[in-house]
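# Structural overview
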Amino acid sequence: MSERLLVKVGGSVLTEKGRKGTADTGAIGMIARDIAACQDIPLCLVHGAGSFGHPEAHQYGLAHGADRTNRQGIAMTHMSVARLNQMMVEALRHAGADAIGIHPLAGAFARAGRLISLETRPLQHLMDMGIIPVLHGDVVMDEVQGACIVSGDQIIRYLGEHLPFTRIGLATDVPGVLSKDGCVIAEISGERGDDVATGGSRHTDVTGGMKGKLRELSELSSHGIASEVFHVSRLPDFLQGRPHGGTTILCGREHG
Ligand code: IPE
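All of these numbers come straight from a predicted model, not from anything done at the bench. (Residues numbered from 1 in each chain as written. Predicted model: local features only at pLDDT ≥ 70, side-chain atom pairs only at ≥ 80, totals over all residues. Heavy atoms only, no water.)

### Details of the packing of aromatic side chains
So the rule is basically this: Side-chain rings of Phe, Tyr and Trp (the six-membered ring for Trp) are treated as a pair once their centres are within 6.5 Å; stacked means planes under 30 degrees apart, edge-to-face means over 60, and tilted covers the remaining angles. Whether a charge sits over a ring comes down to the Lys NZ or Arg CZ being within 6 Å of the ring centre and within 35 degrees of the ring normal.
With the rule as written, the count across this model stands at 1 aromatic pair. Of note, Arg-167 hangs over the ring of Phe-238, and the distance from its end group to the ring centre comes to 4.7 Å.

As structure tokens, this is what we get:
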């Protein structure tokens, strides 16, 4: 199968996380240029929220769901992450890549905080046409709790299970999954996670930081799908299939 990549860029990489609604335009531009330089490879991009979306989700208590009393948080949170999405898409287009924003709220659905459906056919067709679909962590309607926050990592897990990607990579603000003594763990089998420092990322948030990431990647692993976590500065290496000094979450079936 020829290459088809699924890439997530963490919100802490794209934004100044301590300053509400503040993008790191330098980082966004750099990532856009890295991706645009590999336009011949079909790619789907998912990004996190960082200082967009998280503050609103927290303010309106969306982690516990939504009803009529806090429903305003749904639009406030969505509009915030949609702004960041627009910036990412514009940066990609400016760098010469054909990219389009796709908002999970519009078509995804969750059950008790877990993403259970998302239409993948348009994404497949966009990639076939050489267009990069750009999705993001979002607020999603939920059949049990009204609404919930679905992280970019959950979206990666869902897309990884439902579309045939050759490689899945997560660009973060740390060089990989770190052990408790601060070293990058080169390989993790899906089930093993005891000696992992789950607070490894600079920031943790409503969707669980490195712990939440590993939960989704372990699930992918148990479905026979490997993934890689690396520092965002090594994104060009990942895109080109070179060593990136990060962590590979091995495909569970090879080791089970
Ligand atoms: C959160 O997405 C989406 C919200 C609406 C809050 P993520 O959980 O993927 O964001 P980061 O990467 O941790 O910032």
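### Details of the side chain of Asp-237
Spelled out, the test is: A run of DSSP states H or I qualifies as a helix once it reaches four residues; a run of E qualifies as a strand once it reaches two. Both are numbered from the N-terminal end. Each residue's exposure class comes from its accessible area (1.4 Å probe, protein chains only) as a fraction of the maximum for that residue type: buried when under 20%, exposed when over 50%, partly exposed otherwise. Contacts described as polar in this section are N or O atom pairs within 3.5 Å, which, within protein, must combine one atom able to donate a hydrogen with one able to accept it, while residues neighboring in sequence count only if both atoms come from side chains.
Tracing the chain through its elements places Asp-237 in helix α9 (residues 235-240). By relative accessible area, which is 15% here, Asp-237 ends up buried. A polar contact of 2.8 Å, which involves the side chain of Asp-237, links it to the side chain of Arg-234.

### Overview of the pattern of salt bridges
Put simply, the rule is: For this analysis, a salt bridge means a side-chain nitrogen from Lys or Arg found within 4 Å of a carboxyl oxygen belonging to Asp or Glu.
Taken as a whole, this structure holds 14 salt bridges when the rule is applied. A salt bridge links Arg-4 to Asp-128, with the shortest nitrogen-to-oxygen separation between them at 2.7 Å. Taken as a pair, Arg-4 in the segment before β1 (5-9) and Asp-128 in helix α6 (residues 121-128) lie far apart in primary sequence, 124 residues in all. In this structure, Arg-157 and Glu-216 form a salt bridge, with 3.1 Å as the shortest nitrogen-oxygen distance. Taken together, the positions of Arg-157 in helix α7 (residues 152-162) and Glu-216 in helix α8 (residues 209-222) put the pair 59 residues apart, joining distant regions of the chain. Salt bridges sharing common partners tie together Arg-114, Arg-157, Glu-216 and Glu-219.

### Quick word on the sheet that holds strand β9 (residues 167-172)
Using the following cut-off: DSSP bridges decide pairing: two strands pair if at least two such bridges lie between them. Every angle, taken between N-to-C directions, lies between 0 and 180 degrees, and every axis is a line fitted to C-alpha atoms, over only the stretch in contact when it is a helix.
If you walk across this open sheet you meet the 8 strands as β3-β6-β2-β1-β9-β11-β12-β10, and the pairing is mixed. The sheet is open, and its two borders are formed by β3 (99-101) and β10 (187-189), each paired with just one other strand. Each adjacent strand pair in this sheet contributes to an overall mean axis angle of 20 degrees, direction not counted. By the bridge criterion, 4 bridges tie β9 to strand β11 (residues 227-231) in an arrangement that is parallel. Along β11, the bridge assignment pairs Gly-169 with Glu-228.

### A closer look at unusual backbone geometry
Of note, the phi angle at Ala-112 is positive, near 50 degrees, even though the residue is not glycine. Turning to its location among the elements, Ala-112 is positioned in the loop between β4 (109-111) and β5 (114-117).

### A word on the pairing of β1
Burial analysis of β1 places 5 of its 5 residues in the buried class, which makes it a mostly covered element. Burial along β1 is two-sided: Leu-5, Val-7 and Val-9 facing one way and Leu-6 and Lys-8 facing the other are all buried. Where β1 meets strand β2 (residues 43-47), 5 bridges bridge the pair, whose relative direction is parallel. For Leu-6, the partnering residue across the bridge sits in β2 and is Cys-44. In this structure, β1 lies alongside β9, joined through 5 bridges in parallel fashion. Looking at the pairing, Val-7 lines up with Gly-169 of β9.

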